[in-house]
Amino acid sequence: MKQKVGNKARVEGSIAKRYTHEELTHFCSMYFQSSIQTQHNMLGRNEVEANTHDAGKLEAFIYPVKLKGTFTTYILNEESLSNVAYYILTNMPEVSPYITIFEEEVRSRGPNILTNTEIDNVLKTELAIWLQHKVEGNVYAHKRFKYLLGGPSDFVLCYKRCNVNGYAFNLGRSSSGVLVKGSCYGDDANDYYGTLQEILKVTYQDGNQVVLFRCHWYDHIRGVKKYKTGVITIDMNSKLQGGDVFILASQATQIYYAPSVKDPNSSIYTVIITRGRPIDESTSVIDEEVLQEDVSNATLLSFPMSLFVDFSQYQEQAEETYNGEEEEEEEEQEQEEEDGDEEEEDGYENLEEHDV
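Residues numbered from 1 in each chain as written. Predicted model: local features only at pLDDT ≥ 70, side-chain atom pairs only at ≥ 80, totals over all residues. Heavy atoms only, no water.

The next point concerns the pattern of salt bridges. Per the counting criterion, the structure on display carries five salt bridges. One salt bridge connects arginine 107 with glutamate 103, and the closest N-O pair in it is separated by 3.2 Å. Placement of the pair is arginine 107 and glutamate 103 together in helix H4 (residues 96-108), with a separation of four residues, close to one helical turn. For arginine 107, a relative accessible area of 30% gives the class partly exposed. On the accessibility criterion, glutamate 103 (21% relative accessible area) is partly exposed. (Salt bridge = Lys/Arg side-chain N within 4 Å of Asp/Glu carboxyl O. Helix = DSSP H or I, 4+ residues; strand = E, 2+ residues; numbered from the N terminus. Buried < 20%, exposed > 50% of the residue type's maximum accessible area, 1.4 Å probe, protein only.)

Glancing now at the environment of asparagine 170. On the secondary structure map, asparagine 170 appears in strand E3 (residues 167-170). What makes asparagine 170 buried here is its relative accessible area of 16%. Expressed as a C-alpha distance, the spacing of asparagine 170 and lysine 160, which sit ten residues apart in the sequence, is 6.0 Å. Sequence-distant contacts of asparagine 170, defined by excluding residues within four places in its chain, comprise Lys160, Arg161, Ser175 and Ser176. (Contact = heavy atoms within 4.5 Å.)

With that settled, the discussion passes to the confidence of the model for the chain. In low-pLDDT regions, the fine details of the predicted coordinates are not to be read closely. With 68% of its residues at a pLDDT of 70 or more, the chain shows a mean pLDDT of 77. Note that pLDDT drops below 50 for residues 184-188; the model gives that stretch ten contacts with residues more than four away or on any other chain. Low pLDDT (under 50) marks residues 279-296, which in the prediction has 19 contacts with non-local residues, meaning those over four places away or in another chain. (pLDDT = per-residue confidence, 0-100.)

When you line up the elements, leucine 81 lands in helix H3 (residues 78-90). Overall, the relative accessible area of 23% leaves leucine 81 in the partly exposed class. For the pair leucine 81 and aspartate 154, spaced 73 residues apart in sequence, the C-alpha separation works out to 6.2 Å. Once you skip the residues sitting within four places of it in the chain, leucine 81 turns out to touch Leu76, Pro152, Ser153 and Asp154.

Further remarks concern the packing of aromatic side chains. Counted by the stated rule, this structure contains seven aromatic pairs. Each ring, one from phenylalanine 169 and one from phenylalanine 213, has its centre 5.2 Å from the other, and the planes form 70°; the classification is edge-to-face. Pair noted here: phenylalanine 169 is in strand E3 and phenylalanine 213 is in strand E6 (residues 209-217), with a separation of 44 residues, a long-range link. Residue phenylalanine 169 shares its accessibility class with phenylalanine 213, and that shared class is buried. (Phe/Tyr/Trp six-rings, centres within 6.5 Å; stacked < 30°, edge-to-face > 60°.)

Our next topic: a negative patch on the surface. A contiguous patch of negative charge on the surface is contributed by Glu327, Glu328, Glu329, Glu330, Glu331, Glu332, Glu334, Glu336, Glu337 and Glu338. Tracing the chain through its elements places glutamate 334 in helix H7 (residues 312-355). (Patch = residues over 30% accessible without salt bridge, like charges linked within 9 Å, V, L, I, M, F, W, Y side chains within 5 Å. Areas by Shrake-Rupley, 256 points an atom, 1.4 Å probe, with all protein chains shown as cover. Lys, Arg positive; Asp, Glu negative; His and termini not counted. Charge placed at Lys NZ, Arg CZ, Asp CG, Glu CD.)

Two elements in contact, H4 and helix H5 (residues 116-134), have axes separated by 10 Å at closest approach and are oriented at 115°. Where H4 crosses over H5, the two elements pack in a sense that is right-handed. For the pair H4 and H5, contact is made by Tyr98, Ile99, Ile101, Phe102, Glu103, Glu105, Val106 and Arg107 and by Asn116, Ile119, Val122, Leu123, Glu126, Leu127, Trp130, Leu131 and Lys134, respectively. Across the contact of H4 with H5, the residue classes break down as eleven nonpolar, one polar and five charged. (Axes fitted to C-alpha atoms, helices over the stretch in contact; angles between N-to-C directions. Left-handed = near helix turned anticlockwise from the far one by under 90°. Nonpolar A, V, L, I, M, F, W, Y, C, P; charged D, E, K, R; others polar.)

A cluster of nonpolar side chains, contributed by Phe27, Met30 and Tyr31, occupies part of the molecular surface with about 310 Å² of accessible area. With respect to the helices, strands and loops of the structure, phenylalanine 27 is situated in helix H1 (residues 11-29). Phenylalanine 27 sits in the partly exposed class, given a relative accessible area of 48%.

What follows concerns H4. Here H4 contains 13 residues, and its C-alpha end-to-end distance of 19 Å stays within 8% of the 18 Å for a straight helix at 1.5 Å per residue. Inspection of H4 places Tyr98, Ile99, Phe102 and Val106 among the buried residues, and these make up the whole buried set. Viewed along the axis of H4, the buried residues span an arc of 100°, placing them on a single side of the element. For H4, the exposed residues set more than 90 degrees away from the buried face come down to Glu104 and Ser108. (Expected span 1.5 Å × (residues − 1). Arc of directions from axis to C-beta.)

Backbone geometry places asparagine 165, a non-glycine residue, at a positive phi of 55°. Residue placement: asparagine 165 occurs in the loop between strand E2 (155-164) and E3. Although it is not a glycine, aspartate 206 sits at a positive phi angle of roughly 65°. Considering the arrangement of structural elements, one finds aspartate 206 in the loop between strand E5 (191-203) and E6.

The N-to-C vectors of H3 and H5 enclose an angle of 75°; their axes lie 11 Å apart at closest approach. When the interaxial angle is binned, H3 and H5 end up roughly perpendicular. Contact residues: Tyr86, Leu89 and Thr90 in H3; Asp120, Leu123, Lys124, Leu127, Ala128 and Leu131 in H5. When the residues that make up the contact of H3 with H5 are grouped by side-chain class, the tally is six nonpolar, one polar and two charged. (Parallel < 35°, antiparallel > 145°, perpendicular 65-115°, else oblique.)

Written out as structure tokens, the structure is:
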């Protein structure tokens, strides 16, 4: 409110004038093209503009992520590169239908392959080759998955900050807590809690890029405790066994680990889920009409006649009352005039008697 005051001698007038200008500019900005940044389509804090120019690419290649700050580079070892390629491949929404088909084929080989762990091992060794042969006969699918099946480069860029999903992640600070709702495959809808260690930009052929998070994951079975009140505590000394340390940046939800108030040295922390600022699809650049519609798209509503009240009788009563009040006022005015004339005549008579 103080920012609206331009003239301190006329505070109310300054606020009113500034408010009128804001209303006018907001109204006029509704008629601008969507490519022009206004208050109605302005990106909020931590939001990233969606990429609508490469609509034919895979979702992970165009997912809006804003990397910030300086970066370092290094080469992934063979094991890490294999884990990165497999995780990206199996977490692509476009690949999910093919994974279901492949799983059915694997189960049909024999009744012995039943567990999710066994199927997961078969996926790691055979899915990429099977999918490459599967899409060869389909020109559209082959063109779409060509760069994905070619695998990523072992040369990666490592960042410390990024904005994604309406969150601002920062290594080494309270904003480095990560939550993943379950897993894409072979999971019982368990939530995974971790701490962000690296933000990696992985490069594919033709300039396609995917942003990954390398995290330290806590044991979600022994180290996490959920209370009936909804409070979740986690043992920060626990660690989830296994080599699955990567997730897509698009899967991350930001959380905060609050230390114990009674015992600050305790390794048991409370999990607090932060509220992000979701991506606003209305900020995308789209060519569209900027003029107002000539015909309203409002839906006409019909109401039964019983809901309507006939006010004519009340109007007649009001008119009668009003006319009666006018007549009474006229009579009072006439009576006052007569009384005034009589007083004036009495005054003249008294004056004449005095002169005599």
